[in-house]
Amino acid sequence: MPTDRSLARFVADGSAVVRSDERMILLFLLLLSVAALVVFLYYTTLLLDGLPDVIPSEPPRP
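Bear in mind the structure is a predicted one, so any value in this text is a computation, not a measurement.

**A short note on the overall build of the protein**
1) Next: Scanning the protein from terminus to terminus reveals 1 helix and 0 strands.
2) Next: Expressed as a percentage of the 62 residues in the protein, the buried residues total 0%.
3) Next: Element-wise, carbon and sulfur atoms account for 71% of the exposed surface of the protein, whose accessible area totals about 6400 Å².

Here it is as structure tokens:
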């Protein structure tokens, strides 16, 4: 009987390790997606700032 308990403990420890690895992977993916969003927003604002104004600030000259 002691071998059954040690086997159950080993399986429980193994599942805890897998869950920990999954959490690290999810954290890495979350940080990667936040970094990608920041880069995307940075380049989007950089591109939009470079576009000409839609309505010119000066009236047209005759």
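**Overview of the packing of aromatic side chains**
1) Next: As enumerated under the stated definition, the model contains 1 aromatic pair in all.
2) Next: For the ring pair Tyr42 and Tyr43, a centre distance of 5.2 Å and an interplane angle of 75 degrees mean the geometry is edge-to-face.
3) Next: The exposure class of Tyr42 is partly exposed, given its relative accessible area of 48%.
4) Next: A relative accessible area of 51% places Tyr43 in the exposed class.

**Side note on a nonpolar patch on the surface**
1) Next: A cluster of nonpolar side chains, contributed by Met24, Leu27, Leu30, Leu31, Val34 and Val38, occupies part of the molecular surface with about 580 Å² of accessible area.
2) Next: Considering the arrangement of structural elements, one finds Leu31 in helix H1 (residues 2-50).

Conventions we followed
- Residues numbered from 1 in each chain as written.
- Predicted model: local features only at pLDDT ≥ 70, side-chain atom pairs only at ≥ 80, totals over all residues.
- Heavy atoms only, no water.
- Helix = DSSP H or I, 4+ residues; strand = E, 2+ residues; numbered from the N terminus.
- Buried < 20%, exposed > 50% of the residue type's maximum accessible area, 1.4 Å probe, protein only.
- Areas by Shrake-Rupley, 256 points an atom, 1.4 Å probe, with all protein chains shown as cover.
- Phe/Tyr/Trp six-rings, centres within 6.5 Å; stacked < 30°, edge-to-face > 60°.
- Patch = residues over 30% accessible without salt bridge, like charges linked within 9 Å, V, L, I, M, F, W, Y side chains within 5 Å.
- Salt bridge = Lys/Arg side-chain N within 4 Å of Asp/Glu carboxyl O.

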